[in-house]
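# A closer look at the structure
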Amino acid sequence: MKTAITELFGIQHPIIQGGMHYVGFAELASAVSNAGGLGIITGLTQKTPELLAKEIARCRDMTDKPFGVNLTFLPAFTATPYPEYIAAIKEGGVKVVETAGRSPEQYMPALKVAGIKVIHKCTSVRHSLKAEQIGCDAVSVDGFECGGHPGEDDIPNMILQPRAADELKIPFVTSGGMADARSLVAALSMGAAGMNMGTRFVATKEAPVHDNVKQALVKATEVDTVLIMRALRNTERVLKNKGVDELLEIEREKGASLKIDDIREQVAGVYPRVMVNGEMDAGAWSCGMVVGLINDIPTVKELIDRIMVEAERIIRQRLLRFLDGIEVPKPARAVASRRLP
Ligand SMILES: Cc1cc2nc3c(=O)[nH]c(=O)nc-3n(C[C@H](O)[C@H](O)[C@H](O)COP(=O)(O)O)c2cc1C
């Protein structure tokens, strides 16, 4: 399948793995790239630019295909040495950066001079247009369904994607709620040139996280995520657990006067506890509503191959048959349904 995104990044399939804290290590990024998608190392999970350089070298040893690095721009008060991280990316020969969080405007000259293609992940049409205006090559348009930070507009992808298609000149991928071939075909039909997946890639064999995390994703349904930190205008969609219940209780008590310090215990330092130790009740970690569509733990290649084969079948058989007036039976589920309690 050829799209503006496969052409832009020199990849086989229009599927990107979004940056994920404590998940986007070389193992997952290389597996996605080897399977024909675009794998992404999460820059800031590496505590220093030197460590990021090592992770890039490790990934390079595992794949000869293109891969990228995610740079999440945190609020200004954090003293992250972004120029040094960008230097490590450049010196590592990485040609794609996924930016997220705040606008990458300040760092665009450094990225462009290094010949790096920038795909900015954002949650609104206006931020997408801003990304286009400052010279980003593509955007990843992240709907309200997404795992992580959906922004504050609460616009689901059925509206956000066609709106982005109407306004943008640069190519974009649909992000948030993407899990299978149906997602990919829907994304393409709404005007996107591919899709970005986060949560779905956590439940794969190569994702270097504790097995408890993968089992929790298989078990959870679409009603098992919740939004936190709304009062702080730093909304995050996370998987419900005991730590998150405590956090929600604090949020209820504090109301509009909530401060980040009130919930520090439930949000700080949680990722290594969950992803490395498998402590599933430790607190808040990002997870999308798409968890309701995750019923198995395939290899990354099995997942991507399945998506591409099934997408072709949907387009050639299911969709074309509507035009030909042939009645189509209900499509079989991609994988066996989970039994609900
Ligand atoms: C466990 C996890 C950690 C994430 N960490 C980051 C991150 O550090 N930086 C970032 O830009 N996005 C992060 N994301 C968001 C993803 O890159 C992606 O945009 C999102 O998961 C898409 O929605 P989906 O989960 O419905 O596929 C994270 C998502 C998950 C599930």
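Our structure's up above, just so we're on the same page.
Everything in this summary refers to the structure shown in the same document.

### Some thoughts on the site of the ligand
Around the ligand lies a shell of 23 residues, among which Gly-19, Lys-121, Gly-177, Gly-198 and Thr-199 are the nearest. Between the ligand and the protein, one listed contact pairs a nitrogen atom with a backbone N or O atom of His-21 at 3.0 Å. Gly-147 places a polar main-chain atom, nitrogen or oxygen, 3.2 Å from an oxygen atom of the ligand. Among the secondary structure elements, those contributing two or more residues to the shell around the ligand are strand E3 (67-73), strand E8 (195-197) and helix H13 (270-276). For the shell around the ligand, the class distribution of residues is seven nonpolar, 14 polar and two charged.

### Topic: the packing of aromatic side chains
Per the stated rule, a full pass over the model turns up four aromatic pairs. Note on Phe-73 and Tyr-107: the rings are 5.0 Å apart at their centroids and 5 degrees apart in plane angle, and the pair reads as stacked. In this pair, Phe-73 is assigned in strand E3 and Tyr-107 in the loop between strand E4 (96-101) and helix H5 (108-113), connecting sequence segments 34 residues apart. In this pair, the class of Phe-73 matches that of Tyr-107, namely buried.

### Notes on the nonpolar core
Counting 81 residues, the largest nonpolar core has Leu-71, Ile-89, Phe-201, Met-275 and Trp-285 as its most contacted members. Leave out the neighbours within four places in its chain, and Ile-89 touches Leu-52, Ile-56, Val-69, Leu-71, Val-94, Val-97 and Ile-116.

### A short note on helix H11 (residues 242-254)
With 13 residues, H11 ought to run about 18 Å at 1.5 Å a step, and its terminal C-alpha atoms sit 19 Å apart, in line with that. Taken as a whole, H11 has its buried residues at Gly-243, Val-244, Leu-247, Leu-248, Ile-250 and Glu-251. An end-on view of H11 places all buried positions within 160 degrees of arc, on one side of the element. Summarising the geometry of H11, the exposed residues directed more than 90 degrees from the buried face are Lys-242, Arg-252 and Glu-253.

### Section: the pairing of E4
A regular strand places its side chains on the two faces of the sheet in alternate fashion. Among the six residues that make up E4, five are buried, leaving the element largely enclosed by the rest of the structure. The pairing of E3 with E4 spans six bridges and is parallel. Bridging from a neighbouring strand, Gly-68 pairs with Val-96 of E4. Here E4 runs beside strand E5 (residues 117-122); their pairing, made up of four bridges, is parallel. Across the sheet, residue Val-97 finds its bridge partner in E5, namely Val-118. For the crossover from E4 across H5 to E5, the handedness is right-handed.

### What about the sheet that holds E3?
As summarised here, the arrangement of the eight strands in space is E1-E8-E7-E6-E5-E4-E3-E2, forming an open sheet in which the pairing is parallel. Each edge of the sheet is formed by a strand with only one pairing partner; in this case those strands are strand E1 (15-17) and strand E2 (39-42). Ignoring which end each strand starts from, the neighbouring axes of this sheet average 30 degrees apart. Summarising the sheet, E1 and E8 pair through three bridges and their orientation is parallel. Within E8, the position partnered with Gln-17 by the bridge is Met-197. In the packing of helix H4 (residues 82-91) onto the sheet, the strands contacted are E3 and E4, and the crossing angle to E3 comes to about 175 degrees.

### Re a nonpolar patch on the surface
Taken together, Met-1, Ile-315, Leu-319 and Phe-322 make up a surface patch of nonpolar side chains, about 350 Å² in accessible area. Looking at the secondary structure, you find Ile-315 in helix H14 (residues 300-324).

### Concerning unusual backbone geometry
Non-glycine residue Tyr-22 carries a positive phi angle of around 60 degrees. With respect to the secondary-structure elements, Tyr-22 resides in the loop between E1 and helix H2 (26-34).

Conventions we followed
- Residues numbered from 1 in each chain as written.
- Predicted model: local features only at pLDDT ≥ 70, side-chain atom pairs only at ≥ 80, totals over all residues.
- Heavy atoms only, no water.
- Near = heavy atom within 4 Å.
- Polar contact = N/O pair within 3.5 Å; in protein donor to acceptor, adjacent residues only side chain to side chain.
- Helix = DSSP H or I, 4+ residues; strand = E, 2+ residues; numbered from the N terminus.
- Nonpolar A, V, L, I, M, F, W, Y, C, P; charged D, E, K, R; others polar.
- Phe/Tyr/Trp six-rings, centres within 6.5 Å; stacked < 30°, edge-to-face > 60°.
- Buried < 20%, exposed > 50% of the residue type's maximum accessible area, 1.4 Å probe, protein only.
- Core = buried A, V, L, I, M, F, W, Y, C linked by side-chain atoms within 4.5 Å.
- Contact = heavy atoms within 4.5 Å.
- Expected span 1.5 Å × (residues − 1).
- Arc of directions from axis to C-beta.
- Pairing = 2+ DSSP bridges.
- Right-handed = clockwise from strand over helix to strand, strands pointing away.
- Axes fitted to C-alpha atoms, helices over the stretch in contact; angles between N-to-C directions.
- Patch = residues over 30% accessible without salt bridge, like charges linked within 9 Å, V, L, I, M, F, W, Y side chains within 5 Å.
- Areas by Shrake-Rupley, 256 points an atom, 1.4 Å probe, with all protein chains shown as cover.
- Salt bridge = Lys/Arg side-chain N within 4 Å of Asp/Glu carboxyl O.

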